[in-house]
Amino acid sequence: MREMPVIDLPTVVRELAESGKRVKVLWQEPDSLAFFARGREYRSEFHVNASDEFTYMIKGTMNLHFRDENGKEGILVSPEGSTNFMPGNVPHSPRFPPDAFALILERGRREGEVDRFQWFCPGCDSLLHEERAVVDDYRKDFVSRTYSNFFENEKHCTCKKCGNVMAMP
Ligand SMILES: [Fe+2]
């Protein structure tokens, strides 16, 4: 029989707060991927992936920035105790503080799927840089990896259109 975990969320909140980690994967199956996330005060990129995404704000408020089909930025405000739905392939940037916690449900990535992480110029809103990753295991914390790749290379952070340099938040 397969494992059927029952997870005590207050314990996960304590674990994350004490360890300083941002993500704890609760389970990871082809059709169901659940993780618990603490906010990242520096979150600035837009994540694009094919999976629908369901979020439940356990503590604190999330400002869920997104870009519509014309690239125009909008913000969904999801307060504590609310849940929200983000369809697949919508560029989204979940912004919430490190003392806020969210439960997020997606699905595992299909064969050949590539996640994209995009930064836009704070000056003129042009695409600055895109990181790509095959997200085969959520425990590897690809979000943290892509931030290092982006901010450690000044070329990536410099706008080719207006010359603005995006600073590490
Ligand atoms: Fe620019």
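Residues numbered from 1 in each chain as written. Predicted model: local features only at pLDDT ≥ 70, side-chain atom pairs only at ≥ 80, totals over all residues. Heavy atoms only, no water.

Draft legend 1. Geometry of the coordination of the iron ion. Looking at the iron ion, one finds its protein donor set to be Cys121 (SG), Cys124 (SG), Cys159 (SG) and Cys162 (SG), positioned 2.3 to 2.4 Å from the metal centre. Around the iron ion, the four donor atoms are arranged such that angles at the metal cover 103 to 119°; this shape is classified as tetrahedral. The sequence pattern formed by the donor residues of the iron ion is C-x2-C-x34-C-x2-C. In this pair, Cys121 is assigned in the loop between β10 (115-120) and β11 (127-133) and Cys159 in the segment after α3 (154-157), connecting sequence segments 38 residues apart. (Donors = N, O, S within 2.8 Å, 3.2 Å for Na, K, Ca; no water. Tetrahedral: all angles 85-135°; square planar, octahedral: opposite > 155°, others 65-115°. Helix = DSSP H or I, 4+ residues; strand = E, 2+ residues; numbered from the N terminus.)

Draft legend 2. Structural view of the side chain of Asn84. Along the chain, Asn84 turns up in strand β7 (residues 83-86). Exposure remark for Asn84: the relative accessible area of 10% places this residue in the buried category. Polar side-chain contacts of Asn84 include one of 3.0 Å to the side chain of Ser78. Leave out the neighbours within four places in its chain, and Asn84 touches Glu53, Phe54, Thr55, Met62, Leu64 and Ser78. (Buried < 20%, exposed > 50% of the residue type's maximum accessible area, 1.4 Å probe, protein only. Polar contact = N/O pair within 3.5 Å; in protein donor to acceptor, adjacent residues only side chain to side chain. Contact = heavy atoms within 4.5 Å.)

Draft legend 3. Looking closely at the pairing of β7. Here β7 shows a buried face lined by Asn84 and Met86 and an unburied face lined by Thr83 and Phe85. Examined bridge by bridge, strand β4 (residues 53-59) and β7 share four bridges and lie antiparallel to one another. Across the sheet, Tyr56 pairs through a bridge with Thr83, a residue of β7. (Pairing = 2+ DSSP bridges.)

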